Amino acid sequence: MTYIAGQEHPAEGCAFCQAPELPEPDSLVVARGTLVYAVLNLYPYNPGHLLICPYRHLPDYTGLTVEETAELAAFTQTAMRVIRATSSAHGFNIGMNQGAIAGAGIAAHLHQHVVPRWGGDANFMPIVGRTKILPQLLTETRDLLTAAWPT
């Protein structure tokens, strides 16, 4: 509702460093790996919009180790499989915005977007109402994806 009302949370510290430390119901973390984790985007473009983040605080893709890069790629593939299985996504937008100038909302901590897409998922609300309509609460989405994520 904060997103819909256009209110922002005051940020203290790095949200991506803090997310894995929050209690499970509040963290929105879907899955945890050794070097990276998957978390729901607090301000999603579509239901199931995940972010794949390294635990290590670094701003640039070139700073990842080979092991972090491999686990980030594997988590991205798993995220796609899980989202397809739970919500029949027709396609995906996958990408990273490197630096504030490129559109990164949190430029200091690398994260990759995995955005599920469906035919006709864009509508007039973002333009006219300056908001998005999400048919599912983030906690419901988290529960659905967490249950489907292979362990």
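Residues numbered from 1 in each chain as written. Predicted model: local features only at pLDDT ≥ 70, side-chain atom pairs only at ≥ 80, totals over all residues. Heavy atoms only, no water.

This paragraph deals with helix H6 (residues 138–148). Among all positions in H6, only Thr141, Arg142 and Leu145 are buried. Buried residues of H6, seen end-on, are gathered within an arc of 100° and therefore sit on one face of the element. Buried-residue contacts for H6 involve helix H3 (24–27), strand E1 (29–32), strand E2 (36–40), strand E3 (50–54) and helix H4 (66–87). (Buried < 20%, exposed > 50% of the residue type's maximum accessible area, 1.4 Å probe, protein only. Helix = DSSP H or I, 4+ residues; strand = E, 2+ residues; numbered from the N terminus. Arc of directions from axis to C-beta. Contact = heavy atoms within 4.5 Å.)

The geometry of H4 relative to H6 is characterised by a closest axis approach of 9 Å and an angle of 115° between their N-to-C directions. By the angle between their directions, the pair H4 and H6 is classed as roughly perpendicular. Crossing geometry of H4 relative to H6 is assigned as right-handed. Facing H4, whose interface residues are Val82, Ile83 and Thr86, H6 presents Leu144, Leu145 and Ala148. A class-by-class count of the residues in the contact of H4 with H6 yields five nonpolar, one polar and no charged. (Axes fitted to C-alpha atoms, helices over the stretch in contact; angles between N-to-C directions. Parallel < 35°, antiparallel > 145°, perpendicular 65-115°, else oblique. Left-handed = near helix turned anticlockwise from the far one by under 90°. Nonpolar A, V, L, I, M, F, W, Y, C, P; charged D, E, K, R; others polar.)

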